[in-house]
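# What the coordinates show
Chain by chain, the residues:
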Amino acid sequence: MTWTWTPTAAWVGAIATFACLSYLWAENPVFRAAEHLFVGLATGFGVVGNWDQYIKPTIQTDILKDGKFIYIVPIVIGLLIYFQYFPKMSWLARYPMSFWVGYGVGYTLAFQPAVLMKQIVDSYGSKFAVSAKGGGIIFTQTLNNILFWVFLLTALSYFFFTVKRENKLLGWPAWFGRWVIMVGLGAAFGNTVMARISLFIGRLQFLFRDWLHVPGM
Amino acid sequence: MWDRLMSLDKRVIYLLVAIAIAVPLVKPLGLPLSTSTESETGFNAVDALKPGDVLWIGADYGPSSAPELDPMAIAIFRQALKKGVKVVIYAMWQDGVQMSKNWTEKVSKEVGAKEGVDWVNLGWKPNNPVTLRQMTDDLWGAAAGVDVNGTPLSQLPLMERVKKLDSSSVAFIFDLSTGSPGTADYLQYVSEPKKVPMSVGVTAVSAPGAMPYVKSGQYKGILSGMRGAAEYELLTRAPGSAIKGMDAQSLGHALIILLIIVGNVGYVLRKKA
Amino acid sequence: MRKELPLLVTILTGLFVIFGHDFAIGEKWQLINAMDKWQTISQAFALLIGAVNLTRIHVNHIRRRKAGYIFSLLLLVALWGYTALGVVEGYKGQNFRWLYNALLVQLDSTIFSLLAFYIATAAYRAFRIRTVEATLLLVSAAIVMLGRAPIGEAIWKGFPDWANWIMRFPNTAAMRAVLIGAYLGSFVTVLRILLGIERAHLGGVGGAGMK
């Protein structure tokens, strides 16, 4: 069944939208109600997703239909986490946590180095951009490649704390690297502004298009 | 005057923001829009897929990123289905399930594609990226054997060909992501080890952090925020909500720059006084 | 043993995953695959903990009649009412989806959209150009903002090119430097866990810290 906006749904959505926006004026009971409703629904949504998309099929198919009763062991491991609510037995909750953290450790060490190595290798390739047609050097691209390399090394040197900054050899690259990082953070700020404005555009598009049915939206 | 301006009630600024964004939505300015190399690279990668190839779309976002990522998803999904490319959708974010349900239903109805044959929505599974990695060796097991509707994967003809998330089954990955789990996990656990090329669509906030992977060629292009979505809509010649939002984005940016300038001029003049 | 055994579990699990992935025999036996399923099942059954915690806190508010306890009641009704509806109907249920699209999506996206207003007031009140660094930050931000929106292109055709240049070179270099640092930091942290130096994940359970 395709989702379509009925008038009731649009009105409910619009009221919820204004309830949240009312916070801009001042903290008020309507906003607090909306906020609590949001937390309650979002958590409920998470519980249902977990049940519907994984727990139910695992029990129905894997365990009951295919007879993989061994899966009861990980179920018990997972359930041990709830012992944290019983002070005398709370130590049992350490086992699932240990298992998960250990798993995360293994995953990090097994998979991350390949990605990091590619980042490093990419940083130190040839700086000369050669034209595919005539074989000559493309000046702008080569200059950009060299600039990138300088930017990267100086930015890295900013995070290098082993030697004191008074050292002239390390002092100026770190100082320049700080500038590079500032330009990067400026770009990040610009992008953040863009993202935040998009969020409100989305809200207005809902109000104009689906609630008020403004033509052309 | 500057004193009054500097102690302006914040609600006046809120009102200015609301007006700057609302007016162009109702009365568009028709400002020009061009495409970037990064968006074109992502578009060309999907465009190069042959009919019957499998495109994997990651729907790793929730309602708060929908204005930026929904238009990308719609444009990519439509482009793929129209080309006869098969699509598998998977969400590492629970909200991604309902988000993707909305656009898959809308677009497949419009294109006339059939669920289970032309596309499959695997829904959400817990414990990502572990589950995502397991999919690279045993997709059916990792997905608990069912799709988003609880239909057994054995009853979906498309899934007969897709038993692993690797280069033997999936030709390309397009991950649309807000954060973690998301693009970095696809890169680390699928694209790198299983050699499946990938591209990403991210919120504008995440774009700067994703750029190093674009430069190293690990991401084949990037769609960044609503602008990236608008560019993709332009490339697929199917204008949608992102293109419509670009004028509002423009005035919003202009207002913020103006606020920074006024704030600084006021600060300097007050200091002098 | 209540302290040492969980530590051993962490270390052995970590080594198991590394062995399963990085050694040919581990890969051949598909060790990680078997264990992945266990990990996922165990986490799936533990995910209710968020809802349980939230319920405990708000039941407490209601019992003690704390200020605004009526909102706690609303939260609990929403949480367990929506959960019950979802368990009965499932993800594809009409009413479940209706509430999600008409209410939850709207609440979620509007609460986040408030950030558009806050960033505007922050730009007005706090973004001061006092140093060279702040100037660089502002110039870069302004070019990116103008270059990434059509208005910049309308003012000057060069804005998108300069915005793209900033994103591709100084931004990418700075982010890569941060990324390399973050990767190294995460390696150090996981090595500390693997060697048993870092034990924070075992402490604090039920108020019983690990000494």
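## What to know about the overall build of chain B
Within chain B, the regular secondary structure consists of 10 helices and 6 strands. Overall, the C-alpha framework of chain B stretches about 75 × 35 × 35 Å when taken along its three principal axes. The buried share of chain B, reckoned over its 273 residues, is 65%. When the accessible surface of chain B is summed, it comes to about 9100 Å², and 58% of that surface belongs to carbon and sulfur atoms. Seen as two clouds, the 28 positive and the 25 negative side-chain charges of chain B have centres 4 Å apart.

## Section: the environment of phenylalanine 159 of chain A
Summarising the element assignment, phenylalanine 159 of chain A is placed in the loop between α5 (139-158) and α6 (168-211). Overall, phenylalanine 159 of chain A belongs to the partly exposed group, its relative accessible area being 35%. Separated by 19 residues in sequence, phenylalanine 159 of chain A and arginine 178 of chain A have C-alpha atoms that sit 9.3 Å apart. Sequence-distant contacts of phenylalanine 159 of chain A, defined by excluding residues within four places in its chain, comprise Arg165 and Ile181 of chain A together with Ala177 and Val178 of chain C.

## Section: the interface of chain B and chain A
Contact with chain B, which involves 55 residues of that partner, is made by 45 residues of chain A. Together chain B and chain A conceal approximately 4400 Å² of surface at their shared face, both sides included; 67% is due to carbon and sulfur atoms. Joining chain B to chain A, the criterion identifies 2 salt bridges. Between lysine 215 of chain B and aspartate 122 of chain A there is a salt bridge, and its shortest N-O distance comes to 3.6 Å. The tally of links from chain B across to chain A stands at 14 residue pairs in polar contact (both at pLDDT 80 or more). With 9 residues, the top contributor of residues to the side of chain B that touches chain A is helix α10 (residues 241-272) of chain B. Partitioning the side of chain B that touches chain A into residue classes produces 29 nonpolar, 14 polar and 12 charged.

## Let's talk about the side chain of serine 140 of chain C
Summarising the element assignment, serine 140 of chain C is placed in helix α7 (residues 132-147). On the basis of relative accessibility, which here comes to 3%, the residue serine 140 of chain C falls in the buried class. Sequence-distant contacts of serine 140 of chain C, that is, excluding residues within four places in its chain, are made with Val183, Gly186 and Ala187 of chain A together with Ile166 of chain C.

## A word on the environment of serine 34 of chain B
Inspection of the secondary structure puts serine 34 of chain B in the loop between α2 (10-26) and α3 (37-47). Taking the C-alpha atoms as reference points, serine 34 of chain B and leucine 234 of chain B, separated by 200 residues in sequence, lie 8.5 Å from one another. Ignoring anything within four residues of it in the chain, the contact list for serine 34 of chain B reads Arg227 and Glu231 of chain B together with Glu153 of chain C. Side chain to side chain, serine 34 of chain B and glutamate 153 of chain C meet in a polar contact 3.0 Å long.

## Brief notes about the domain arrangement of chain B
One frequent convention defines the size of an interface as the accessible area lost when the parts assemble. Looking at chain B, the domain boundaries give domain 1 (2-29 + 257-272) and domain 2 (37-239). The gap between the C-alpha centroids of domain 1 of chain B and domain 2 of chain B is 40 Å.

## Topic: helix α10 (residues 170-194) of chain C
Compared with an ideal rise of 1.5 Å per residue, which puts 25 residues at 36 Å, α10 of chain C spans 36 Å between its outermost C-alpha atoms and is within 8% of the ideal. A positive backbone phi angle near 80 degrees is found at glycine 196 of chain C, which sits one or two residues after α10 of chain C.

## What to know about the interface of chain C and chain A
Contacts between the two partners involve 112 residues from chain C and, on the opposite side, 111 residues from chain A. When chain C packs against chain A, close to 10700 Å² is buried across both sides, 77% of that on carbon and sulfur atoms. Joining chain C to chain A, the criterion identifies 3 salt bridges. The partner of glutamate 133 of chain C in a salt bridge is arginine 178 of chain A, with the nearest N and O atoms 2.9 Å apart. Where chain C meets chain A, there are 28 residue pairs in polar contact (both at pLDDT 80 or more). Among the secondary structure elements, those contributing two or more residues to the side of chain C that touches chain A are α1 (4-22), α3 (31-46), α4 (49-63), α5 (69-89), α6 (94-125), α7, α9 (158-168) and α10 of chain C. When residues of the side of chain C that touches chain A are assigned to their parent elements, the largest contribution, 23 residues, is made by α6 of chain C. Tallied by class, the residues present in the side of chain C that touches chain A amount to 71 nonpolar, 29 polar and 12 charged.

## Digging into the pairing of strand β5 (residues 198-202) of chain B
A regular strand places its side chains so that they alternate between the two faces of the sheet. All names here are of chain B. For β5, the buried fraction is high: 5 of the 5 residues fall into the buried class. In β5, alternate side chains face the same way, and those of Met198, Val200 and Val202 on one face and Ser199 and Gly201 on the other are all buried. When strand β4 (residues 172-177) meets β5, the two strands line up parallel, connected through 5 bridges. By the bridge assignment, phenylalanine 174 is partnered in β5 with serine 199. Handedness of the β4-helix α7 (residues 183-194)-β5 crossover: right-handed. With 3 bridges connecting them, β5 and strand β6 (residues 222-224) associate as parallel partners. In the strand pairing of β6, valine 202 is matched with serine 224. Regarding the hand of the β-α-β motif, the stretch spanning β5, helix α8 (residues 207-215) and β6 is right-handed.

Reading the values: rules and limits
Residues numbered from 1 in each chain as written. Chains lettered and ligands numbered in written order. Predicted model: local features only at pLDDT ≥ 70, side-chain atom pairs only at ≥ 80, totals over all residues. Heavy atoms only, no water. Helix = DSSP H or I, 4+ residues; strand = E, 2+ residues; numbered from the N terminus. Buried < 20%, exposed > 50% of the residue type's maximum accessible area, 1.4 Å probe, protein only. Areas by Shrake-Rupley, 256 points an atom, 1.4 Å probe, with all protein chains shown as cover. Lys, Arg positive; Asp, Glu negative; His and termini not counted. Charge placed at Lys NZ, Arg CZ, Asp CG, Glu CD. Contact = heavy atoms within 4.5 Å. Buried area = accessible area lost by both parts, 1.4 Å probe. Salt bridge = Lys/Arg side-chain N within 4 Å of Asp/Glu carboxyl O. Polar contact = N/O pair within 3.5 Å; in protein donor to acceptor, adjacent residues only side chain to side chain. Nonpolar A, V, L, I, M, F, W, Y, C, P; charged D, E, K, R; others polar. Domains from an automatic or database assignment. Expected span 1.5 Å × (residues − 1). Pairing = 2+ DSSP bridges. Right-handed = clockwise from strand over helix to strand, strands pointing away.

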